[in-house]
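Remarks on the overall topology
One letter stands for each residue in the lines below.
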Amino acid sequence: MAEAKVLSGAGLRGQVAGQTALSTVGQAGAGLTYRGYDVRDLAAGAEFEEVAYLLLYGELPSKAELADYKRKLKGLRDLPQALKEVLERIPRDAHPMDVMRTGCSVLGTLEPELTFDAQREKTDRLLALFPAVMCYWYRFTHHGVRIDCTSDEDTLGGHFLHLLHGKKPSELHVKVMNVSLILYAEHEFNASTFTARVCASTLSDLYSCVTAAIGSLRGPLHGFANEAAMELIERFQSPQEATAELLRMLERKDKIMGFGHAIYKESDPRNEVIKGWSKQLADQVGDTVLYPVSEAIDKTMWEQKRLFPNADFYHASAYHFMGIPTKLFTPIFVCSRLTGWAAHVFEQRANNRIIRPSAEYVGVEQRQFVPIEQR
Ligand SMILES: CC(=O)SCCNC(=O)CCNC(=O)[C@H](O)C(C)(C)COP(=O)(O)OP(=O)(O)OC[C@H]1O[C@@H](n2cnc3c(N)ncnc32)[C@H](O)[C@@H]1OP(=O)(O)O
Ligand SMILES: O=C([O-])CC(=O)C(=O)O
C-alpha cells in the first residue's frame, strides 16, 4: 500500500496549501485516486479519454458521451499553419520540452482564451493537438518531413504513435500508451500543478498556466526523471554491471533518477502497473538486457536505501520498447498531465484567492543607504 510520509521541513512539505476534489495521493486504502476512483482500476478498465473527461467534466462519461468526446477531440487534432511554421524554425537540438512550452505559448497567441467560459474548449483543443506539436517538430527536424497532423486513430495514445512512426500502431502499443496516459494524468499538488495553480490564482489565462507548468515539469526532480532513468539503464550490459555501478553511485551519494517520492513512503502505486506492462513489452521484443538491468537497479535501491521506483522508472523501458525516442518521454507526460493541470486551474478559478505566501527574512538588518560616490 502506498502510504504517505510523515511530512516536515523545507519545500513546503506537510503544509496544506489549498483544497482539491480532484485526487488523493498516499492516503490509506488506495495510493492514488482520481475523483474517488483508484488509479489502478482506471488503468485496468478505462480509456484515457474517459479519465480526461472525468477530470475535466467531473464524472465518468456514459458510452454516448465518451463517443461524442472522442469524436470532438479527433476533430481538433490539426495544427494551425502559423504554429507549424514556428515549429519548423525551432532547432533540431532544442529540447522537446521547450518545443512543447513554445507550442503552447504560440497557440495562446493564435487562439487566445478571451474569457474563462472558454476554459474547457481551450483545454480540449490543447489535449487534442499536443501530440501533433511534438511529432510535427520532431519529424520535420529529424526526418525532414512535414507530417499530416491528423490520423484516423481512435485514441490519443494511438494518434501519437501513428504520427511519430508514420504508421498504424499495434494494439499492444495503443493499450500501453492508454495506461501510461492514465497513470500520468493527475497527482494533486505536485510541483508543476502547483505552478499552474499559482499562475491561475492571478487570474491569468489557461495557456500561461499550462506553459508555466510545462517549465516546472521539465526539471529532472519531476517529469524529466523518466528520460534520466533511460540514460541510466542503457549504460549497462548486464544486471551485475548495473548493480556494481549503482553501489558506487550510492557511495558517491548520486541521486538515482526514477526513485523516491516527496509524498509516498513505501511505494508509488503507478509503478506496479507500468512495471507489468514494461515486462510484457520486454517479452514481446525479446529483451534480455534492459528489463533485467532495471530490475537489478530496483532491487539494489530497495536493499541499500529503502527507495522504491516512482512512476517514471519503468516508464523508461516501456517507452523504449515501443520505439519512442528518449527525448520525447517527458513531452508525453505533458500530453497526459494537461488534464490534471487544467482541472486544477478550473478548481482554483472557481474559488480563488491569489496565492501569495510569506517569507522568513534571513538577510542583513536595515541599514543606511550610501550614495555611489561614497562607496
Ligand atoms: C512523476 C514524478 O515527478 S515522480 C519524481 C521524479 N523524480 C525523480 O525520480 C528524481 C529522483 N528522486 C528525488 O530526487 C527525490 O526522491 C524526490 C525529488 C522525488 C523527492 O525528494 P524529497 O522529498 O526531498 O526526498 P526525501 O525527503 O525522501 O529524501 C530522503 C533522503 O533520500 C535521498 N534520496 C531521495 N531520493 C533519492 C534518489 N532518487 N537517489 C538517491 N537518494 C535519494 C535524499 O537525498 C535524502 O537523503 P539525505 O537525507 O541524506 O539528504
Ligand atoms: O507528486 C509529485 O510530487 C510528483 C509526481 O509523482 C507526479 O507529479 O506525478
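This text goes with the structure placed above it.
Computed from a prediction, not measured in an experiment: that's the story for all the values here. (Residues numbered from 1 in each chain as written. Chains lettered and ligands numbered in written order. Predicted model: local features only at pLDDT ≥ 70, side-chain atom pairs only at ≥ 80, totals over all residues. Heavy atoms only, no water.)

A word on the site of ligand 2
Neighbouring residues of ligand 2: His187, Asn190, His222, His261, Arg270 and Arg337. In this structure, an oxygen atom belonging to ligand 2 sits 2.7 Å away from a side-chain N or O atom of Arg337. About the coverage of ligand 2: the protein hides 83% of its 270 Å² of free accessible area. In terms of residue class, the shell around ligand 2 is made up of no nonpolar, 4 polar and 2 charged. (Near = heavy atom within 4 Å. Polar contact = N/O pair within 3.5 Å; in protein donor to acceptor, adjacent residues only side chain to side chain. Areas by Shrake-Rupley, 256 points an atom, 1.4 Å probe, with all protein chains shown as cover. Nonpolar A, V, L, I, M, F, W, Y, C, P; charged D, E, K, R; others polar.)

Quick notes on the nonpolar core
Grouped together as the largest cluster of nonpolar side chains are 109 residues, with contacts concentrated most on Tyr34, Leu126, Phe130, Ile297 and Ile324. With 12 residues, the top contributor of residues to this core is helix H6 (residues 119–143). Apart from residues lying up to four places away in sequence, Leu126 is in contact with Cys104, Leu107, Leu206, Tyr207, Val210 and Leu338. (Core = buried A, V, L, I, M, F, W, Y, C linked by side-chain atoms within 4.5 Å. Buried < 20%, exposed > 50% of the residue type's maximum accessible area, 1.4 Å probe, protein only. Helix = DSSP H or I, 4+ residues; strand = E, 2+ residues; numbered from the N terminus. Contact = heavy atoms within 4.5 Å.)

Some points on the sheet that holds strand E2 (residues 32–34)
With antiparallel pairing, the 3 strands of this open sheet are ordered in space as E1-E2-E3. Unpaired on one side and paired on the other, strand E1 (23–25) and strand E3 (37–38) mark the two borders of the sheet. Pairing between E2 and E3: 2 bridges, direction antiparallel. Counterpart to Tyr34 in the pairing with E3 is Tyr37. (Pairing = 2+ DSSP bridges.)

Considering helix H2 (residues 48–57)
Within H2, 9 of the 10 residues are buried, which leaves it mostly tucked inside the rest of the structure. For H2, the set of buried residues is Phe48, Glu49, Glu50, Val51, Ala52, Tyr53, Leu54, Leu55 and Leu56. Of the residues trailing H2, Gly58 is marked for its positive phi of about 105°.

A look at the environment of His261
Its location among the elements puts His261 in the loop between helix H12 (239–251) and helix H13 (269–285). Residues His261 and Phe236 lie 25 residues apart in sequence; the distance between their C-alpha atoms is 24 Å. Reaching out from His261, the side chain makes a polar contact with the backbone nitrogen of Ile263 at a distance of 2.9 Å. Here the side chain of His261 touches Tyr264 through a polar contact of 3.3 Å, landing on its backbone nitrogen.

Regarding helix H9 (residues 191–201)
With respect to burial, H9 is a largely interior element, 8 of its 11 residues being buried. Regarding H9, the residues found buried are Ser192, Thr193, Phe194, Ala196, Arg197, Cys199, Ala200 and Ser201. Elements that come into contact with the buried residues of H9 comprise helix H10 (206–217) and helix H16 (329–350). Backbone geometry just after H9 places Leu203 at a positive phi near 70°.

Concerning the environment of Phe259
Its place among the elements puts Phe259 in the loop between H12 and H13. Separated by 54 residues in sequence, Phe259 and Phe313 have C-alpha atoms that sit 6.9 Å apart. Residues in contact with Phe259, not counting those within four places in the same chain, are Ile297, Asp298, Met301, Leu307, Phe308, Pro309, Asn310 and Phe313.

Let's talk about the environment of Asp268
Note that Asp268 resides in the loop between H12 and H13. Taking relative accessible area as the criterion, Asp268 reaches 3% and is therefore assigned buried. For the pair formed by Asp268 and Leu290, sequence separation is 22 residues and the distance between their alpha carbons is 21 Å. Here Asp268 is in contact with His261, Phe308, Pro309, Asn310 and Ala311, once residues within four sequence places are set aside. A polar contact is formed between the side chain of Asp268 and the backbone nitrogen of Ala311, at a distance of 2.9 Å.

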